[in-house]
Amino acid sequence: MMSLAEFWFILITILFIGFFVLEGFDFGVGMVSRFLGKDDREKRVYINTIGPFWDANEVWLITAGGAMFAAFPHWYATMFSGFYIPLVFMLLALIIRGVSFEFRSKEESYKWRNTWDWALTIGSFLPPILWGVVLANFMTGMPINENKEMVGGFLQFLHPFALLGGVMLLFLFLVHGLQFISIRTTGDLNDRAKALSKKVAPIALVLFLAFIITGYFVSDVFTYHGQTFVVLPIMGFVALLWGLSSKSSVGERGRFALTTVSIILLTASIFIGMFPRVMISSISDAYSLTVYNAASGAYTLKLMSYFSIALLPFVLGYQAWSYYIFRKRLKKEDELEY
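Residues numbered from 1 in each chain as written. Predicted model: local features only at pLDDT ≥ 70, side-chain atom pairs only at ≥ 80, totals over all residues. Heavy atoms only, no water.

Draft legend 1. Here's a closer look at the packing of aromatic side chains. Per the stated rule, a full pass over the model turns up 29 aromatic pairs. With a centroid separation of 6.4 Å and an interplanar angle of 85°, the aromatic rings of Phe53 and Phe180 are classed as edge-to-face. Note that Phe53 is positioned in the loop between helix H2 (40-48) and helix H3 (54-71) and Phe180 in helix H7 (residues 160-184), a separation of 127 residues in sequence. Per residue, the accessibility class of Phe53 equals that of Phe180, and both read buried. Seen in terms of ring centroids, Tyr216 and Phe217 are 5.2 Å apart; in terms of plane orientation they differ by 85°. Their pairing is edge-to-face. By way of ring pairs, the aromatic residues Phe9, Phe16, Phe19, Phe20, Phe27, Phe72, Trp75, Trp131, Phe173, Phe271 and Phe275 are connected into one cluster. Here the basic side chain of Arg277 rests over the ring of Tyr224, its NZ or CZ set 3.7 Å away from the ring centre. (Phe/Tyr/Trp six-rings, centres within 6.5 Å; stacked < 30°, edge-to-face > 60°. Helix = DSSP H or I, 4+ residues; strand = E, 2+ residues; numbered from the N terminus. Buried < 20%, exposed > 50% of the residue type's maximum accessible area, 1.4 Å probe, protein only. Lys NZ or Arg CZ within 6 Å of the ring centre and 35° of its normal.)

Draft legend 2. Representation of the packing of H3 against helix H4 (residues 73-82) in the model. The contact between H3 and H4 brings their axes to 5 Å, and the two run at 120°. On the basis of their axis angle, the class for H3 and H4 is oblique. Here H3 contributes Gly65, Met68, Phe69, Ala70 and Ala71 to the contact with H4, which in turn contributes Pro73, Trp75, Tyr76, Met79 and Phe80. Along the lines of polarity and charge, the residues of the contact of H3 with H4 split into 9 nonpolar, 1 polar and no charged. (Axes fitted to C-alpha atoms, helices over the stretch in contact; angles between N-to-C directions. Parallel < 35°, antiparallel > 145°, perpendicular 65-115°, else oblique. Contact = heavy atoms within 4.5 Å. Nonpolar A, V, L, I, M, F, W, Y, C, P; charged D, E, K, R; others polar.)

Draft legend 3. Representation of the environment of Leu207 in the model. With respect to the helices and strands, Leu207 occurs in helix H8 (residues 187-218). When the C-alpha positions of Leu207 and Phe171 are compared, they lie 8.1 Å apart, and in sequence the two are 36 residues distant.

Draft legend 4. Fine view of the pattern of salt bridges. The full count for this structure, using the stated rule, is 9 salt bridges. A salt bridge links Glu23 to Arg97; the nearest nitrogen and oxygen atoms lie 3.1 Å apart. Placement of Glu23 in helix H1 (residues 4-36) and of Arg97 in helix H5 (residues 84-103) is noted, with a sequence separation of 74 residues between them. Summarising the burial analysis for this pair, Glu23 and Arg97 share the class buried. Put simply, Asp40, Arg104, Glu108, Arg113 and Asp117 are held in one network by salt bridges that share partners. (Salt bridge = Lys/Arg side-chain N within 4 Å of Asp/Glu carboxyl O.)

Given below as structure tokens:
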């Protein structure tokens with residue numbers, strides 16, 4: 001039977017997948033709204049495509065962090081102490097980004113709104129890069145010693161594969177966001193997003209494939225449970241290729257669904273390949289953190305399981321309801337609060 005520690009590893013994996021899928025298109029829209037909009041009204045409409053969703057999407061990360069803290073305290077402690085600098089910058093970027101949504105329309109002046117447009121752009125640009133760096137280091141392993149402590153400085157994590165991961169995730173979220181705009185807008189706003197998607201699609205595809213190939217050689221994550229598991233990231237690339245191909249006839253929603261599938265398969269392949277490890281030690285396999293030596297006690301996991309099973313349906317139901325309510329496409333004439 002599956003242990004509670006294994007159950008919570010699966011649940012945390014699902015939470016991170018949900019965060020990357022949902023916040024991924026948020027980041028993508030935030031990166032381009034300032035440049036795609038020709039005037040303040042158009043920029044506002046682009047921002048409004050994610051206006052009802054962005055704060056709920058970030059809850060997936062908060063929930064994942066809380067679940068990690070409670071279910072795997074050693075994983076949480078080692079990760080957040082070792083990656084302190086990138087995670088602080090990520091937190092600052094998310095704060096600036098969140099504030100930009102709320103403050104942008106508080107003043108009518110061009111300078112005020114332009115400042116917050118740049119805050120939204122920068123706040124959406126940094127997190128994908130930093131998450132890509134973190135995920136790549138998860139794959140290659142980190143210098144974790146026998147005390148479950150990460151040793152060394154931050155610069156050691158900026159190796160070529162980590163930088164590739166950062167740029168890859170940036171472009172993956174960018175095209176994901178552009179596909180989301182295409183199902184949320186009409187007219188010129190829609191056409192501009194599609195045109196930009198066609199321009200950046202080849203870059204995203206090349207980076208995605210390069211990440212898979214390089215990851216195969218510098219890490220054991222894609223093959224830890226056997227060579228057949230490398231099919232997962234390859235399927236992710238196929239889904240991305242299909243979704244971004246100019247010859248694809250799946251429609252706008254189909255393209256968005258396919259970029260979603262590519263993110264799901266890539267993230268799942270990384271977490272599956274790490275299992276039962278949660279953090280790989282580059283010093284010695286004996287020092288790696290696993291779902292067993294990093295987990296909380298059985299009583300804690302049991303109590304958490306009862307609460308999560310009782311509350312999760314309400315949370316998922318509310319978010320599904322909000323996406324249904326705000327499903328209408330936006331036009332230039334639409335005026336909302338952002």
